[in-house]
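Single-letter residue listing:
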Amino acid sequence: MGARRSGSSWPGLLLGLALAAVVAGAVLLVTRPVWGEWLYSVTGEETLPGQVRGTLEWLGNVTRPQPETADFVPVANAGANPFGVNVFLEQEVEPEKRERAVQMIAAAGFHWLRQEFPWEDIEIHAKGDFTDRRHEPARSAWEKYDHIVDLAVEYGLELMVRLSNPPAWSRAAGDEAGSFAPPDNLEDYGDFCDTVARRYRGRIHTYQVWNEPNIYPEWGEAAVSPEEYTELLKVCYTRIKAACPECVVLSGALAQTIPLGPRDLNDFIFLQRMYDAGAGDYFDVLAMQGYGLWSGPPDRRMRARVLNFSRPLYLRELMVANGDAHKPIWITEMNWNAPPDDLADKPFGDVSLEQQARYAVEAYRRAQQEWPWLGVVTTWFFKRATDSEADQAMYYFRLVEPDFSPMPVYDALAAYMGSDEARVVYPGVHQEDHWALDYAGGWEAQADPEAELGGYRYASGEASSLSFAFDGTDLRLRPGPSVGPDEGWAVSIDGGLEEAVLAQPGLAEIPLAEGLAQGRHSAVLRPLPGTRPAVDSLTVEQRRSALPWIAAGAVVLLLVLAAAALFGGLGRRRRWYERGR
């Protein structure tokens with residue numbers, strides 16, 4: 001009798017896979033309090049299905065090249081106070097309400113007001129006509145905007161002014177071309193940019209040229225065009241710089257979008273075509289919108305067709321590739337949408353009020369800790385004048401109700417901005433004018449083409465001091481270009497004894513601290529007697545411990561071995577003489 005063929009092992013293997021899936025699911029559920037926080041930290045997802053799917057997508061990062069972001073390149077305008085908020089003060093009819101809004105914004109700890117100066121609301125009826133005759137009595141169209149500027153100055157806030165919305169008279173087709181369409185003659189827009197910059201020189205230092213030029217309807221009814229927008233940008237940038245050389249000019253904020261045209265054009269493609277058209281010489285800061293939409297701020301899935309809070313990394317890579325590594329990105333609109341349950345249309349995501357409050361804080365925290373090339377992040381938005389838009393999802397980004405009742409997100413941001421955590425120097429190269437550096441005593445700013453990014457500060461007396469908190473293991477200082485060999489600092493780290501640190505000619509950076517424990521530290525620098533040392537920049541580095549990766553590798557190895565043992569036991573063939581008849 002011939003030997004019988006051994007039975008197939010497939011049933012056993014399938015049973016093993018099923019059992020493994022059940023066990024893995026059970027382990028995830030049981031250990032979720034331990035792993036859930038980590039899964040959220042890489043996916044931005046809070047539900048178990050979302051975390052499982054998100055983790056699988058995040059693991060795909062390993063198979064793709066990650067963006068080159070040049071994190072240790074000196075970047076101008078990246079050290080500005082990062083806290084801003086969008087406002088619509090021009091829509092408040094009563095001046096008292098404008099002031100109350102600014103009071104609440106300053107009290108919360110915001111530094112920037114992103115405020116539109118709509119061209120159509122200032123040069124209303126004809127070119128050169130700045131009188132508002134839409135209501136009786138006629139009045140100066142500047143009156144309202146002068147008040148906004150006065151309030152910002154009074155409460156110690158900076159304005160980021162958006163110049164957009166051409167009047168109908170600037171187009172032969174009027175508003176039929178789209179109420180946001182560019183003017184027929186770009187020089188008309190240039191004249192407006194010049195007029196605003198000259199009127200407010202010394203009081204407004206930051207301007208943004210247009211808004212979201214890569215999506216409909218911000219370019220009117222025509223197809224969007226990076227080349228045409230670049231021509232408009234050139235005109236306004238040139239005119240602002242002629243009127244106010246020290247002013248900072250932002251590009252129009254690029255909207256996060258995937259389509260390839262004609263009315264909506266992917267932000268990556270739009271930016272590259274801007275560079276190809278010569279835009280790199282005509283903005284100081286690249287602006288973008290940074291909405292989190294359907295996942296939280298920690299979402300690290302790097303996929304070009306996924307719209308999440310990691311998107312600035314891609315735009316930064318494009319800037320580096322086009323020779324603009326020394327320029328920063330500013331996020332001019334950031335928030336999560338918290339609409340009510342009964343709202344039918346929710347195109348911007350759907351989070352709870354608690355999540356909105358938590359996410360906004362986490363977004364600032366991530367931007368500060370991880371992206372040294374990113375400066376200001378401007379929350380969208382403070383309030384609307386009325387609740388007439390309460391049937392639209394856009395309304396539910398607000399921090400404050402029309403009656404000034406604060407939402408949870410307002411309170412959460414105020415608590416964070418007022419905390420010590422917010423004022424820290426994180427890893428990266430930071431210029432001498434970084435907002436988290438506290439200078440005391442006599443200091444002088446010095447322009448010098450040999451300095452990093454053209455300037456530095458030097459101590460003008462022995463009573464001078466520089467103090468700051470930093471988060472990292474290593475700290476280095478770049479002195480001014482003309483520092484002498486005997487100049488130096490008395491340095492104290494974490495309140496310890498002062499140690500003399502001398503400048504070393506030929507050494508670009510002076511080590512101030514090395515090999516510190518991970519986490520936050522404090523530093524105080526005082527000039528050594530008889531010296532006038534300088535600060536050109538500070539570099540903070542964070543040396544990562546290998547222990548978490550070793551532990552993760554051990555866990556993965558154990559899981560692989562356990563799976564191999566399980567599959568091997570269940571799938572092993574039984575010999576013919578081991579089977580029953």
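Notes on the structure follow. (Residues numbered from 1 in each chain as written. Predicted model: local features only at pLDDT ≥ 70, side-chain atom pairs only at ≥ 80, totals over all residues. Heavy atoms only, no water.)

**Remarks on unusual backbone geometry**
- The omega torsion of the bond from Glu136 to Pro137 falls at -5 degrees, within 30 degrees of zero and hence cis.
- Look at the link from Trp380 to Phe381: it is a cis peptide, with omega at -10 degrees.
- For Asn165, which is not a glycine, the phi torsion comes out positive at approximately 60 degrees.
- Relative to the assigned elements, Asn165 resides in the loop between strand S5 (158-164) and helix H5 (186-199).
- The exposure class of Asn165 is buried, given its relative accessible area of 9%.
- Its identity as a non-glycine residue notwithstanding, Leu293 has a phi of 60 degrees, on the positive side.
- When you line up the elements, Leu293 lands in the loop between strand S8 (286-289) and helix H8 (312-321). (Helix = DSSP H or I, 4+ residues; strand = E, 2+ residues; numbered from the N terminus. Buried < 20%, exposed > 50% of the residue type's maximum accessible area, 1.4 Å probe, protein only.)

**Examining the pairing of strand S10 (residues 374-379)**
- Taken across its 6 residues, S10 has 6 buried, putting it largely inside the fold.
- Note that strand S1 (residues 83-87) and S10 share 3 bridges and pair parallel. From the neighbouring strand, Phe83 faces S10, where its bridge partner is Val377.
- Sheet topology places strand S9 (residues 329-334) next to S10; 3 bridges connect them, and they run parallel. (Pairing = 2+ DSSP bridges.)

**Let's talk about the state of the cysteines**
- Within the structure shown, the criterion is met by 2 disulfides.
- Each sulfur of the disulfide joining Cys193 and Cys236 lies 2.2 Å from the other. Given an S-S torsion of about -105 degrees, the disulfide between Cys193 and Cys236 has left-handed geometry. Of this pair, Cys193 sits in helix H5 while Cys236 sits in helix H6 (residues 226-243), and the two are 43 residues apart along the sequence.
- Cys193 gets classed as buried once you look at its relative accessible area, which sits at 0%.
- Relative accessible area serves as the criterion here: at 0%, Cys236 is assigned to the buried category.
- Between the sulfur of Cys244 and that of Cys247 lies a disulfide, 2.1 Å long from S to S. (Disulfide = S-S within 2.5 Å.)

**Comments concerning the nonpolar core**
- One finds Phe110, Leu113, Phe117, Leu163, Tyr207, Phe468 and Leu475 to be the most contacted residues of the largest nonpolar core, which totals 120 residues.
- What Phe468 contacts, discounting residues up to four positions off in sequence, is Val425, Ala436, Leu437, Leu475, His521, Ser522, Ala523, Leu525 and Leu538. (Core = buried A, V, L, I, M, F, W, Y, C linked by side-chain atoms within 4.5 Å. Contact = heavy atoms within 4.5 Å.)

**Concerning a nonpolar patch on the surface**
- A cluster of nonpolar side chains, contributed by Val52, Leu56 and Leu59, occupies part of the molecular surface with about 260 Å² of accessible area.
- As for its placement among the helices and strands, Leu56 is situated in helix H2 (residues 48-59). (Patch = residues over 30% accessible without salt bridge, like charges linked within 9 Å, V, L, I, M, F, W, Y side chains within 5 Å. Areas by Shrake-Rupley, 256 points an atom, 1.4 Å probe, with all protein chains shown as cover. Salt bridge = Lys/Arg side-chain N within 4 Å of Asp/Glu carboxyl O.)

**Here we look at the pairing of strand S15 (residues 465-471)**
- Counting buried positions along S15 yields 6 of 7 residues, so the element is predominantly enclosed.
- Pairing between strand S12 (residues 438-440) and S15: 3 bridges, direction antiparallel. Within the sheet, the bridge partner assigned to Tyr439 lies in S15 and is Leu466.
- As defined by bridge partners, S15 adjoins strand S20 (residues 520-527) across 6 bridges and the pair is classed as antiparallel. Following the sheet pairing, Phe470 is matched in S20 by His521.

**Some details on the environment of Ala412**
- Here Ala412 shows up in helix H10 (residues 408-417).
- Considering only alpha carbons, one finds Ala412 and Arg358, 54 residues apart in sequence, at a separation of 7.1 Å.
- Discounting residues that sit within four places of it in the chain, Ala412 has contacts with Ala357 and Val361.

**Some details on the pattern of salt bridges**
- Under the defined criterion, the tally for this structure stands at 44 salt bridges.
- When the shortest N-O distance is used, the salt bridge between Lys327 and Asp324 registers 3.3 Å.
- Between Glu401 and Arg398 there is a salt bridge, and its shortest N-O distance comes to 3.1 Å.
- What you see here is one network of salt bridges that share partners, running through Glu45, Arg53, Glu57, Asp299, Arg301 and Arg303.

**Details of the sheet that holds S5**
- Across the sheet, 8 strands lie side by side as S7-S6-S5-S2-S1-S10-S9-S8; this open sheet has parallel pairing. Looking at the sheet topology across the chains shown, the edges are occupied by strand S7 (248-250) and S8. Across the sheet, the mean angle separating the axes of adjacent strands is 25 degrees when strand polarity is ignored.
- Examined bridge by bridge, strand S6 (residues 206-209) and S7 share 3 bridges and lie parallel to one another. The residue of S7 that forms the bridge with Tyr207 is Val249.
- Along the sheet, H8 contacts S8, S9 and S10; its crossing angle with S9, the most-contacted strand, is approximately 150 degrees.
- Helix-sheet contacts for helix H9 (residues 353-370) involve S1, S9 and S10, and the interaxial angle to S10 is about 170 degrees. (Axes fitted to C-alpha atoms, helices over the stretch in contact; angles between N-to-C directions.)

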